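Structural overview for review
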Amino acid sequence: MARAIKGWLTLIVLAAIAPAAADPRRVPVALVRFGGSAARRQYRGFSRVRDPGAVMRGCTGLPRWLATVCVVACLSHSGSLHATEHKTVLILHSVGREFRPWNEYAKQIRTELDRQSPWPLDVGEHSLESARSGDSNPEPPFVRYLNALYAERVPDLIIAIGAPAAAFLRRHREHLFPKAPALLTAIDQRRLQYSGISQNDVLVVVKHDFRFLFESFLRISPDTKIVAVVNGNSPNELFWRNEIQQDLRPLEGRIDIRWYDNLSFQDMLKQTAHLPSHSAIFWHTMLVDAAGVAYEGDRALKNLYATANAPIFTHDDSFFGQEIVGGPMLSARMLSKQAGTAAVRMLDGEKPDSITIQPVGFAKPIYDWRELRRWGIGESGLPSDSEVYFREPTAWQKYRTQILVVCAVLLLQSVLISSLLFERRRRFNAELVSRQRSAELAHMNRFSMAGELTATIAHEINQPLGAMLANVETAEMMIKSPVPDLHEIGEILADIRRDDQRASDVIVRLRSLLKKAPFEPRQIDLNDVVRETVRFLSALSIAREVEMISLIAPTPLPVNGDFIQLQQVILNLIVNAMDAMSGMPSAERKVRVLTARDGDSADIFISDAGPGIPADKLKEVFEPFFTTKPHGMGMGLSIARTIVDAHGGRIVAENLAGRGATFRISLPLVELSN
C-alpha cells in the first residue's frame, strides 16, 4: 500500500512539472527512485515521447497546492535518501599506499570525493604490492581476499590508481566484481593497450611529453651538457625507461643522458654527488632499486637532494615543493579534480561509456624561487606564463605596514622639524630686528641722555682746557724770564699733558656713549662698568648738587655683556635717581651705587632718597611709555629691562623703608678668564 502511494505521489509530481520541463530526462533521479517501479515506468514513457507536455495536458486540472505538497514531500524524502544511503568505493594502489606520485593522487581524489559526494562514503584502500617485482603468483590469493572482504556489499565503484593497478584489474575483471564500474586514473595513455578497457570503465589518463620537458629545462639552463636520469628498477619503471629513451632520441647529440636504473640507490647517490659542471638530474620515480629495496614516501628524493651537486627537475608536481627546480609538470590537483567528478557521476548511476575525459597534459610551468637562486638560474629566461613559488618576501612585502608607519612618522617629523626650523628662523629674524630696533632706540636714548648731559660734558672739557690754558700762559712767562726755572716748566708741561689726557678721556667716553654698534657680548668686569659710569656722571652730580656714593665690591664680578649697553642702563638709572630728587633740599640729595656678589650672580643696587614709586605703579615702571616725569618719553626703563633681559639677567624695582627707591640689577657670573 505504501509503495503504491509513493508511486502515485511521484506520478502526480511528474504530471505537475512535466509541462514546464524542456527535457523530462532531467527530472531528479532521487525523485524517480522514490516513486518505485510505477514512477520508473512513467519516467521511461516520458523519455520516449517527443512532446511529453501533450501527455500531461490531461493533468493540468490538478490543484497547484496539491502539486506543491507532493513536491515538498518527495524532495524531503529524496534528501533523506541521500542522507541515509551510503556508497562503497574500493581504491586499488599500484605498488603501495605511500609511493609517490600515486599516494598524492589518492589523497587528492579522496579530498575531491569528500567535497563532491552527496552520500556518505565507505572507502577501502588496498595496495598491489606484487607490482614491485612483477611476480603474478600472489595475485589470485589477493583477488580471493578482496571477494571475501566485499562479499556482503559489492563496491559501487572501483578506482585503480596507476598503470600496475589498472593492469591487475584488467587481468582479473571476470572474477573481481565484473558488474561494478571502474575508474582508471593516473595512467598514461601509452599504457592503455595493456589495461584491457571495457565499456564499464572510465579513463582519466595523463599525457607525458618528455622531450618537451627536457627542452623546457634546457631553455632556462642552456649550459647544461649532462642529464642524469634517476629511475627505479621495477617493471613499471623499466617500461618508462624505454619510453623516455625513445622520446629523447632527438636530443642525443645535444646532451649526454646517463641512466642509473641498473644501480642500487646508494650507488646512484654516489654518482650524482660528483657530476661534472653543467649537469642536471631528472627525477622520474624510485619505487624499487636494482638491489630490490623499496622506497616509500619522499625518503629517496630527500636523500638525493641532500647529496646531489646539480639541479633536479621532474615530470610531476607531486614531487614539487622542496627539492625540485620546477618546470612544466603534471598537476595532481587537476587530475584528481577530474577523477573525483567522474567518480561522483558514476556513483550517481551515469553509464561509464557516456563519460569521456580528455587526457590531462602538463600544466603551466611552476618554479621554486629558492632552487632557482641556489643554482643561479635567472628568472629572465623563464616562460612568460610561468609562476614562481616560495619567493622570499622583500623587506617591503614583509614590513610594508611598519615601513609605511615609520615613513609617515618620519614625514610628519620632518614636516614638524621643518616648521620648527622655519619658526625658529622667523623668530630669530624677528629677534634680530627687535634687537636692532632696541639698539636704535637705545642709541636714540643715549643721544637724548647726551643732550641732558651737555652742560656737564662742556664743564668736564672746559676744566682741563682752562687748566691747560693757564699752564701755557705761566710757562710763557717763565720762559721770558732771564733765568727760567726748567724744573718748574717741566712740571707745567706734565700738568698740561695730564689735562689733555683728561679732556681726551671725556671725549672718548662721550664717543663710546654715542657710538652706534651692534650687541657684542664679551667678558667684562661689572665693577669697571660701574666705576666708569660714576666717573662720567661725577660732573653732573656736582652740577645738580647730588652726593653720589659708590661702594664697589673688592673682588671682580666677571659677566658676559656689552660694556656700552650696560653702562647705558646704569647711567639711565642714576640720572633717573637724580631727577627723582630734583625738588628736595640739596643736603638730602643722595645716590648710592653698590655692587656685590650674590651666589652665582653679580648685583648692582642704585638707590635714591626721593619720594619713591607709587605702590600701584611698581609693576608698570618697566612698561613702554610709562613715566613720572612731566616731559619724559617713558622709554628709558623699558630699554633698560630689554638690555638686562638680553644679558640673561633681571631688573626689579622696590621702595625703601621710609622714603626712596632702589633698583636691583642681577647678571649671571661667569668664570674669570686669564
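Fair warning: this is a prediction, and the values are worked out from it, not measured in the lab.

All right, on to the overall build of the protein chain then. Within the protein chain one finds 20 helices and 19 strands. By the burial criterion, 44% of the 674 residues in the protein chain qualify as buried. A sequence separation of at least 24 residues applies to 72% of the contacts in the protein chain between residues at least 6 apart. A total accessible area of about 35800 Å² is found for the protein chain, and carbon and sulfur atoms account for 54% of it.

This paragraph deals with the nonpolar core. One finds Ile159, Ile161, Leu183, Phe214 and Phe282 to be the most contacted residues of the largest nonpolar core, which totals 80 residues. Ranked by residues supplied to this core, first place goes to helix α12 (residues 332–347) with 8 residues. Discounting chain neighbours no more than four positions away, the residues touching Ile159 are Val89, Leu90, Ile91, Leu92, Ile109, Leu113, Leu183, Thr185 and Ala343.

What the 4 strands build is an open sheet, ordered β7-β6-β8-β9; its pairing is parallel. Edge positions in the sheet fall to β7 (256–259) and β9 (312–314), since each of these pairs with one other strand and no more. Within this sheet the neighbouring strands show an average axis-to-axis angle of 30°, counted without direction. Where strand β6 (residues 226–230) meets strand β8 (residues 279–283), 5 bridges bridge the pair, whose relative direction is parallel. Following the sheet pairing, Ala228 is matched in β8 by Ile281.

This part is about the pattern of salt bridges. Across all of its chains, the model carries 27 salt bridges by this definition. Between Arg153 and Asp156 there is a salt bridge whose closest N-O contact spans 3.3 Å. A salt bridge links Arg373 to Glu392, with the nearest nitrogen and oxygen atoms 4.0 Å apart. Separated by 19 residues along the polypeptide, Arg373 in helix α13 (residues 369–374) and Glu392 in the loop between β12 (387–389) and α14 (395–398) bring together distant segments of the chain. Taking relative accessible area as the criterion, Arg373 reaches 58% and is therefore assigned exposed. Where salt bridges share partners, they join Asp188, Arg190, Glu243 and Asp247 into one cluster.

All right, on to the environment of His274 then. With respect to the helices and strands, the residue His274 is situated in the loop between α10 (265–272) and β8. A relative accessible area of 67% places His274 in the exposed class. Sequence-wise, His274 and Thr307 are 33 residues apart; in three dimensions their C-alpha atoms are separated by 9.0 Å.

Taking 1.5 Å per residue as the helical rise, helix α5 (residues 102–116) with its 15 residues ought to reach 21 Å, and the 21 Å between its terminal C-alpha atoms agrees with that figure. Buried within α5 are the following residues: Trp102, Asn103, Tyr105, Ala106, Ile109, Glu112 and Leu113.

Attention now moves to the confidence of the model for the protein chain. Overall, the predicted model of the protein chain reaches an average pLDDT of 80, with 77% of residues at or above 70. In the predicted structure, residues 71–84 sits below a pLDDT of 50 and forms 12 contacts with residues beyond four places in sequence or in another chain.

Turning next to the sheet that holds strand β18 (residues 650–655). The strand order across the open sheet formed by 5 strands is β14-β16-β17-β19-β18, and the pairing between neighbours is mixed. Each having just a single partner strand, β14 (547–551) and β18 make up the two edges of the open sheet. When strand polarity is set aside, the average angle formed by the axes of neighbouring strands in this sheet is 15°. Judged from the 6 bridges that link them, β18 and strand β19 (residues 661–668) form a sheet pairing that is antiparallel. Considered in β19, the bridge of Glu654 is made with Thr662.

Time to look at the pairing of β7. Side chains Ile257 and Trp259 of β7 all project onto a buried face; the interleaved residues Asp256 and Arg258 project onto a face where none is buried. When β6 meets β7, the two strands line up parallel, connected through 4 bridges. Note that in β7 the partner of Ile226 across the bridge is Asp256. As a crossover connection, the stretch from β6 through helix α9 (residues 235–247) into β7 is right-handed.

To continue, consider the packing of aromatic side chains. Inspection of every chain in the model, using the stated rule, returns 16 aromatic pairs. Lying over the aromatic face of Trp119, Lys87 brings its terminal NZ or CZ to 5.2 Å of the ring centre. One cation-aromatic arrangement involves Arg370 over Phe390; the distance from NZ or CZ to the ring centre is 4.2 Å.

This next bit is on the packing of α5 against α12. A packed helix pair is summarised by two numbers, namely the angle formed by the two axes and the spacing between the axes. At their nearest, the axes of α5 and α12 sit 8 Å apart, and the two run at 45° to each other. For the element pair α5 / α12, the angle class is oblique. Regarding α5 and α12, the two cross each other, and that crossing is right-handed. Together, Tyr105, Gln108, Ile109, Glu112, Leu113, Arg115 and Gln116 of α5 and Ala332, Arg333, Leu335, Ser336, Lys337, Ala339, Gly340, Thr341, Ala343 and Val344 of α12 make up the contact between the two elements. Residue composition of the contact of α5 with α12, by class: 8 nonpolar, 5 polar and 4 charged.

A separate point is helix α11 (residues 299–307). Listing the buried residues of α11 in full gives Ala300, Leu301 and Leu304. Down the axis of α11, the smallest arc covering the buried residues is 95°, so these residues share one side. Residues of α11 that are buried make contact with β6, α10, β8 and β9.

What follows deals with the packing of α10 against α11. Contact pair α10 / α11: the axes reach a minimum separation of 9 Å and the direction vectors enclose 25°. With respect to α11, the element α10 is oriented roughly parallel. Crossing of α10 over α11 shows right-handed handedness. For the pair formed by α10 and α11, the contact residues are Phe265, Leu269 and Thr272 on the first element and Ala300, Asn303, Leu304 and Thr307 on the second. Looking at side-chain class alone, the contact of α10 with α11 contains 4 nonpolar, 3 polar and no charged residues.

When you line up the elements, Ser666 lands in strand β19. Among the polar contacts made by the side chain of Ser666, one reaches the side chain of Asp603 at a distance of 2.8 Å. Ignoring any residue separated from it by four or fewer positions in sequence, one finds Ser666 in contact with Ala602, Asp603, Gly649 and Arg650.

About the criteria used
- Residues numbered from 1 in each chain as written.
- Predicted model: local features only at pLDDT ≥ 70, side-chain atom pairs only at ≥ 80, totals over all residues.
- Heavy atoms only, no water.
- Helix = DSSP H or I, 4+ residues; strand = E, 2+ residues; numbered from the N terminus.
- Buried < 20%, exposed > 50% of the residue type's maximum accessible area, 1.4 Å probe, protein only.
- Contact = heavy atoms within 4.5 Å.
- Areas by Shrake-Rupley, 256 points an atom, 1.4 Å probe, with all protein chains shown as cover.
- Core = buried A, V, L, I, M, F, W, Y, C linked by side-chain atoms within 4.5 Å.
- Pairing = 2+ DSSP bridges.
- Axes fitted to C-alpha atoms, helices over the stretch in contact; angles between N-to-C directions.
- Salt bridge = Lys/Arg side-chain N within 4 Å of Asp/Glu carboxyl O.
- Expected span 1.5 Å × (residues − 1).
- pLDDT = per-residue confidence, 0-100.
- Right-handed = clockwise from strand over helix to strand, strands pointing away.
- Phe/Tyr/Trp six-rings, centres within 6.5 Å; stacked < 30°, edge-to-face > 60°.
- Lys NZ or Arg CZ within 6 Å of the ring centre and 35° of its normal.
- Parallel < 35°, antiparallel > 145°, perpendicular 65-115°, else oblique.
- Left-handed = near helix turned anticlockwise from the far one by under 90°.
- Nonpolar A, V, L, I, M, F, W, Y, C, P; charged D, E, K, R; others polar.
- Arc of directions from axis to C-beta.
- Polar contact = N/O pair within 3.5 Å; in protein donor to acceptor, adjacent residues only side chain to side chain.

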